[in-house]
Amino acid sequence: TALRADPAAWDVVVTDYSMPELSGVEFARRVRAIRPDLPVIVMSGYVAEELRQAARACGVREVIQKQYTLEELGPALRRAVDGVA
C-alpha cells in the first residue's frame with residue numbers, strides 16, 4: 001500500500017468504518033502497526049459507544065458521524081494532527 005511504501009509521507013489517515021474487507025477500526029490497527037504516531041480518524045453513519053471504545057482502544061484519535069462530516073472534519077483534523085483528545 002501507499003502507507004507501507006512511504007510511511008513518513010502521511011500526516012493523518014481518514015477512513016470510513018464500513019469497508020468491504022475490514023472495518024475502519026481494524027484498518028486503524030494496521031495503520032498504527034506501520035506507524036504508531038500517525039493520527040487516524042474514523043467516520044461512520046452510526047456512532048455508538050461501542051465503536052468509540054473500540055476506536056479509542058486501538059489509538060484512533062477521532063470518531064465522527066458522517067452526516068456532520070463537513071462541520072466536524074476540519075476541527076477533527078486539527079485536533080488529530082495536534083494530538084489533542
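Described in the following lines is the structure provided in the data block. It should be emphasised that the depicted structure is a prediction, and the values quoted were computed from it without experimental measurement.

So, on to the overall build of the protein chain. Check the secondary structure of the protein chain and you find four helices and three strands. Along the protein chain, from the amino end to the carboxyl end, the secondary structure elements read α-β-α-β-α-β-α. Taking 12 Å as the expected radius of gyration for a compact globule of 85 residues, we find that the protein chain reaches 12 Å, a close match to that expectation. In the protein chain, which comprises 85 residues, the proportion classed as buried is 32%.

What follows deals with helix α2 (residues 24–34). Of all the positions in α2, only Gly24, Val25, Ala28 and Val31 are classed as buried. On an axial view of α2, the arc spanned by its buried residues comes to 115 degrees, and they lie on one face. Residues of α2 that are buried sit in contact with α1 (2–5), β1 (13–16), β2 (40–44) and α3 (49–57).

To continue, consider the nonpolar core. The biggest cluster of nonpolar side chains holds 14 residues, and the ones touching the most others in it are Val31, Val40, Val60 and Val63. When residues of this core are traced back to their parent elements, those giving at least two are α2, β2 and α3. The dominant element in this core, judged by the number of residues it contributes, is α2, at three residues. Filtering out sequence-adjacent residues up to four positions away, Val60 remains in contact with Ala28, Val40, Ile41, Val42 and Ala55. With five residues, the next largest nonpolar core counts Ile41, Met43, Ile64 and Ala80 among its residues.

Cut-offs used in this document
Residues numbered from 1 in each chain as written. Predicted model: local features only at pLDDT ≥ 70, side-chain atom pairs only at ≥ 80, totals over all residues. Heavy atoms only, no water. Helix = DSSP H or I, 4+ residues; strand = E, 2+ residues; numbered from the N terminus. Rg over C-alpha atoms; globule rule 2.2 N^0.38 Å. Buried < 20%, exposed > 50% of the residue type's maximum accessible area, 1.4 Å probe, protein only. Arc of directions from axis to C-beta. Contact = heavy atoms within 4.5 Å. Core = buried A, V, L, I, M, F, W, Y, C linked by side-chain atoms within 4.5 Å.

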